[in-house]
Every structure is written in structure tokens, then in C-alpha cells.
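# Structural overview for review
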Amino acid sequence: MLNSKLAAVQANVQRRWDPHFEWIHNEAAPWTPLAKPLAQCTIGLVTTCGLYRADVQLPFDAWHDLGDPSFREIHIDTPADRLRIAHTHYNHQHLAADLNVALPIAHFARLVAEGAVGRLSPWTYSFMGYLPQTRQLVNETAPAVARRLKADGVDAAFLTPC
Amino acid sequence: MGLIARAIEEQGIATVCVVMSREIAENVKPPRALHVRFPYGAPLGPAGHSETQMAVVREALALLERLDRPGMIVESTVEWPE
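Quick notes on the rules
Residues numbered from 1 in each chain as written. Chains lettered and ligands numbered in written order. Predicted model: local features only at pLDDT ≥ 70, side-chain atom pairs only at ≥ 80, totals over all residues. Helix = DSSP H or I, 4+ residues; strand = E, 2+ residues; numbered from the N terminus. Rg over C-alpha atoms; globule rule 2.2 N^0.38 Å. Buried ≥ 20, exposed ≤ 12 C-beta atoms within 10 Å, placed from the backbone. Contact = placed C-beta atoms within 7 Å. Core = buried A, V, L, I, M, F, W, Y, C linked by C-beta atoms within 7 Å. Expected span 1.5 Å × (residues − 1). Bend = angle between axes of the 7 residues up to and from the residue. Nonpolar A, V, L, I, M, F, W, Y, C, P; charged D, E, K, R; others polar. Pairing = 2+ DSSP bridges. Arc of directions from axis to C-beta. Right-handed = clockwise from strand over helix to strand, strands pointing away. pLDDT = per-residue confidence, 0-100.

### Considerations on the overall build of chain A
Looking only at helices and strands, chain A has four helices and seven strands in total. The order of helices and strands in chain A, counted from the N terminus, is α-β-β-β-β-α-α-β-β-α-β. Computed over the C-alpha atoms, the radius of gyration of chain A is 17 Å, within 12% of the 15 Å expected from 2.2 N^0.38 for a compact globule of 162 residues. The principal-axis extents of the C-alpha atoms in chain A amount to approximately 50 × 40 × 25 Å. Across the 162 residues of chain A, 38% fall into the buried class. Pairs at least 24 apart in sequence give 76% of the contacts found in chain A among residues at least 6 apart.

### Let's talk about the overall build of chain B
Across its full length, chain B carries three helices and three strands. Reading the secondary structure of chain B in the N-to-C direction produces α-β-α-β-α-β. For 82 residues, the compact-globule formula gives about 12 Å, and the C-alpha radius of gyration of chain B, at 12 Å, lands near that figure. If one aligns the C-alpha atoms of chain B with their principal axes, the spans along those axes are about 40 × 25 × 20 Å.

### Overview of the nonpolar core
Ala156, Ala157, Phe158 and Leu159 of chain A together with Ile4, Val18 and Ala60 of chain B are the most contacted members of the largest nonpolar core, which totals 68 residues. Of the residues forming this core, the biggest block, seven residues, is contributed by helix 3 (residues 50-66) of chain B. With residues up to four places along the chain from it excluded, the contact list for Leu159 of chain A reads Val46 of chain A together with Met1, Ile4, Ala5, Thr15, Cys17 and Val18 of chain B.

### Focus on unusual backbone geometry
Its identity is not glycine, yet Lys29 of chain B carries a phi of approximately 60 degrees, on the positive side. C-beta crowding within 10 Å serves as the criterion here: with 23 such atoms nearby, Lys29 of chain B is assigned to the buried category.

### Regarding helix 4 (residues 135-151) of chain A
All names here are of chain A. For helix 4, built from 17 residues, the straight-helix expectation of 24 Å at 1.5 Å per residue is met to within 8% by its first-to-last C-alpha distance of 24 Å. The largest bend in helix 4 amounts to roughly 30 degrees and is located at Thr141, with the proline Pro143 lying one to four residues further along. Where helix 4 ends, the next residue or the one after it, Gly153, has phi of about 80 degrees, a positive value.

### Digging into the interface of chain B and chain A
At the interface, 45 residues of chain B touch 51 residues of chain A. Of all the secondary-structure elements, those providing two or more residues to the side of chain B that touches chain A are helix 1 (2-10), strand 1 (14-19), helix 2 (22-28) and helix 3 of chain B. Considering only residue class, the side of chain B that touches chain A consists of 29 nonpolar, 10 polar and six charged. Bridge count between strand 7 (residues 156-160) of chain A and strand 1 of chain B: four bridges; the pairing is parallel. The residue of strand 1 of chain B that forms the bridge with Ala156 of chain A is Ala14 of chain B.

### Quick word on helix 3 (residues 105-114) of chain A
Buried within helix 3 of chain A are the following residues: His107, Phe108 and Leu111 of chain A. End-on, the buried residues of helix 3 of chain A take up no more than an arc of 95 degrees, which puts them together on one face. Lining the buried residues of helix 3 of chain A we find strand 1 (42-47) and strand 5 (119-120) of chain A together with helix 3 of chain B. Phi turns positive one or two residues past the end of helix 3 of chain A, at Gly115 of chain A, with a value near 90 degrees.

### So, the pairing of strand 1 of chain B
Residue and element names in this part refer to chain B. Counting buried positions over the six residues of strand 1 gives six, a clear majority of the element. Both faces of strand 1 are covered, namely the face carrying Ala14, Val16 and Val18 and the face carrying Thr15, Cys17 and Val19. Bridging between strand 1 and strand 2 (residues 32-35) involves three bridges; their strand directions are parallel. Within strand 2, the residue paired with Val19 across the bridge is His35. In terms of handedness, the path from strand 1 via helix 2 over to strand 2 forms a crossover that is right-handed.

### A word on the confidence of the model for chain B
Here chain B averages 97 in pLDDT, while 100% of its residues score no lower than 70. Both confidence scores are given for the complex: pTM 0.96, ipTM 0.98.

### A word on the environment of Trp63 of chain A
By the element assignment, Trp63 of chain A lies in the loop between strand 2 (51-53) and strand 3 (71-75). With 9 C-beta atoms packed within 10 Å, Trp63 of chain A lands in the exposed category.

### Section: the environment of His92 of chain A
Along the polypeptide, His92 of chain A turns up in the loop between strand 4 (83-85) and helix 2 (93-97). Taking the C-alpha atoms as reference, His92 of chain A lies 30 Å from Asp155 of chain A; in sequence the two are 63 residues apart.

What follows is the structure, encoded as C-alpha cells:
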């Protein structure tokens, strides 16, 4: 089922970090239709870039072979110089220079000003995307963020990787 | 990231993912995905190129209104600027 590229990555992760790693394969995707036009929607941002607030939060355990399934909440008004990246599996050069490379707060402010989007939710949620063992994410931390987005009144979530 | 999108969608919130690996997205199956051919670390475009980043954001957002069935992966038309 895996193509050769993913099979090679799987073998590499198994050899270097986690002998039990296997790619997840889902046959179908869940579906929630957008309930109203984007111009009336509250959008919530979620990223897996490993961003955290260096002044009030602990970093992700980015050096753990099995990853870190926890999340950090980051307010959209957080000064960019309070944010750091804890993620050891991509080059930080672009994101360290420009937050909007992966957390597009300025772009959504513009979309709200244009009237294309109703509102940007003040809370964004950050994960660290290297995670060969996904059970705790699937069973605990991702549903916890989903419930928070619901409580935040979010109509649609916009997710970025790194 | 697709797993997080699936959990959010299951909570009754529509999601759209920007994805950098079509192969991973085909396996994990997020509900809606825009595939960009950009290097890891720059999912919306290079640092300082806000027009490129904005174009990707607009393309991805549009999928929320445009797509009508789960599991679609749409190719982005936005090019990495030289």
C-alpha cells in the first residue's frame, strides 16, 4: 500500500528512532460541511511547527525519539519575540524570520479587514509535528484541542504543517 | 497534522489543511487538503514573501466553500518565488 518514498521514510524512522513506527492508513475521512459563508465564520489556526511561548510555556520535547503529543495555546496578540520553535525535523530559517510562514495571523487580519472572513479566533493551537507514536494525540490531545476550538466558537480550522 | 484535522472535524468543525507531502495526506486522509510543493519549514512560502503566503492562504480557505466530499487533495497553483 505504501509507495516507495513513504516506505523508505518508514524504514529510516524505524532504524533511527522508533522500531514500531508505521504510517497510519485511513480508508475514509470525516466530514463536517462549512455551516455558513466564510465571511461570517470564525477561523481558528492550528499548526504543527512546534511553536511555543518561551516566557510562560515549556518547550516541546523535540529531542525525544517518540515525539511529543502535547500542545500549546498561543494568543494571536503574543509578541513574536516571545515565541520559539522546538522541533528537530525541519529547517527553522523561514519561520524564525517570519511567523506568517506557518502561523498566518497577519494574513487573517487582512482577510477579516477585507470582509472575506468573519473573525480570527484569538487562540491558536500549536503541536510539534514529529510524532511516530500517535495514540495519545488521537485519543487525548487532538480531541482536547477540538473541544477548545468548539468552546472558542470556531466555525472552521486552518491547519499548517512544517 | 491530518490526524488533528480529523479529530477537529469529528467535533463538528470544518477543517482545511495545507500539506507538504501528498503521499502522507493520501494515507492519513485529512478532510480537505491543499498540497504545496514548497520545502519543509516554509508551508505558506518563503519568509518575507507575504503575497506568496497570502495566495496559499486564499487557495486553502477557498476549499472550505468549494469542496463537497471528504478526502480531496487539491494541488496548489502557487509557485515558490525565485
